[in-house]
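# What the coordinates show
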Amino acid sequence: MKIALGSDHAGLSLKKVIIKHLEEKGVEIKDFGTYTEDSCDYPDYAYKVAVQVADNKFHLGILVCGTGIGISIAANKVKGIRAAACSDTFSAHACREHNNANIIALGERVVGPGLAIDIVDAFLQAKFEGGRHEKRINKISEIESK
Ligand code: RB5
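No experiment lies behind these values; they were computed from the predicted model shown.

Each value, and the rule that gives it
- Residues numbered from 1 in each chain as written.
- Predicted model: local features only at pLDDT ≥ 70, side-chain atom pairs only at ≥ 80, totals over all residues.
- Heavy atoms only, no water.
- UniProt positions renumbered as here; feature names shortened; annotations may be inferred.
- Helix = DSSP H or I, 4+ residues; strand = E, 2+ residues; numbered from the N terminus.
- Buried < 20%, exposed > 50% of the residue type's maximum accessible area, 1.4 Å probe, protein only.
- Contact = heavy atoms within 4.5 Å.
- Pairing = 2+ DSSP bridges.
- Axes fitted to C-alpha atoms, helices over the stretch in contact; angles between N-to-C directions.
- Parallel < 35°, antiparallel > 145°, perpendicular 65-115°, else oblique.
- Left-handed = near helix turned anticlockwise from the far one by under 90°.
- Nonpolar A, V, L, I, M, F, W, Y, C, P; charged D, E, K, R; others polar.

## Quick look at the UniProt feature "binding site: D-ribulose 5-phosphate" (unreviewed entry) in the chain
Taken from the UniProt record, the annotation "binding site: D-ribulose 5-phosphate" (unreviewed entry) applies to Asp8, His9, Gly66, Thr67, Gly68, Ile69, Gly70, Asn99, Arg109, Arg132 and Arg136. Spanning 129 residues, the named residues do not form one spatial group; their C-alpha atoms are separated by as much as 39.1 Å. Inspection of the secondary structure assignment puts Asn99 in the loop between α4 (89–97) and β5 (103–107). Residue Asn99 is classed as partly exposed on the basis of its relative accessible area of 41%. Ignoring anything within four residues of it in the chain, the contact list for Asn99 reads Arg82, Ala94 and Ile137. As for its placement among the helices and strands, Arg136 is situated in helix α6 (residues 132–145).

Below is the structure:
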């Protein structure tokens, strides 16, 4: 499983924690920036990661900003992306099981590093359940095409 990561300056520290955790687990990752604490704009990094996931170059994406909200809103503008901003483990696995989310977004100003790691693990371990959820995902795709 290949994971694409990105953050703005407000999510940089938490992204580094998540990267260390994933590398220790042997997960293949690529960090699409930002790489410094200089102020930057979260849509730029949302887009870099979202296109990689939408083009199937990476299985899933992880985005971090101050709240997880702005960066998820931006990622969701890319066709084929279902980005979920999560600050609890239930949502983190449910967003894959029911919504087939392909990006999770976290807020460094919302969750601490321990919870963030649990959230990421819950997201990565979960599987889309298909069935009745499939047609709902298809309806999201139909809205995207309008
Ligand atoms: C940056 O200050 C902050 O606005 C951004 O990281 C994010 O929280 C936006 O949703």
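## A word on the pairing of β5
The buried fraction of β5 amounts to 5 of the 5 residues, a majority that puts the element mostly inside the structure. Residues Ile103, Ala105 and Gly107 line one face of β5 and the alternating positions Ile104 and Leu106 line the opposite face, and both faces are buried. In this sheet, β5 lies alongside strand β3 (residues 60–65) in parallel orientation, the contact comprising 5 bridges. Within β5, the position partnered with Cys65 by the bridge is Gly107.

## What about the packing of helix α1 (residues 12–24) against helix α5 (residues 113–125)?
Their axes nearest at 10 Å, the elements α1 and α5 cross at an angle of 55 degrees. Between α1 and α5, the angle falls in the class oblique. Between α1 and α5 lies a crossing of right-handed hand. Each of Leu14, Val17, Ile18, His21 and Leu22 in α1 lies in contact with α5, whose residues at this interface are Pro113, Ala116, Ile117, Val120, Asp121 and Leu124. In the contact of α1 with α5, the residues fall into 9 nonpolar, 1 polar and 1 charged.

## Thoughts on the UniProt feature "active site" (unreviewed entry) in the chain
In this structure's numbering, the residues bearing the UniProt feature "active site" (unreviewed entry) are Cys65 and His98. Judged by maximum C-alpha separation, these annotated positions cover 34 residues in sequence and are scattered in space, the widest gap reaching 24.2 Å. When you line up the elements, Cys65 lands in strand β3. Beyond its immediate sequence surroundings of up to four residues, Cys65 is in contact with Asp8, Ala10, Gly11, Tyr42, Gly70, Ile71, Leu106, Gly107 and Glu108. Inspection of the secondary structure assignment puts His98 in the loop between α4 and β5. What makes His98 partly exposed here is its relative accessible area of 32%. Beyond its immediate stretch of four places on either side in the chain, His98 contacts Phe128, Glu129, Arg132, His133 and Ile137.

## Examining the packing of α4 against α5
Geometry of a packed helix pair, given as the angle between the helix axes and the separation of the axes. Across the interface, α4 lies against α5 with an axial gap of 8 Å and an inter-helix angle of 20 degrees. When the interaxial angle is binned, α4 and α5 end up roughly parallel. Helix-helix and strand crossings are classified by hand; for α4 and α5 the assignment is right-handed. Touching Thr89, Ala92, His93, Cys95 and Arg96 of α4 are Leu115, Asp118, Ile119, Ala122, Phe123 and Leu124, all from α5. Grouping the constituent residues of the contact of α4 with α5 by class yields 7 nonpolar, 2 polar and 2 charged.

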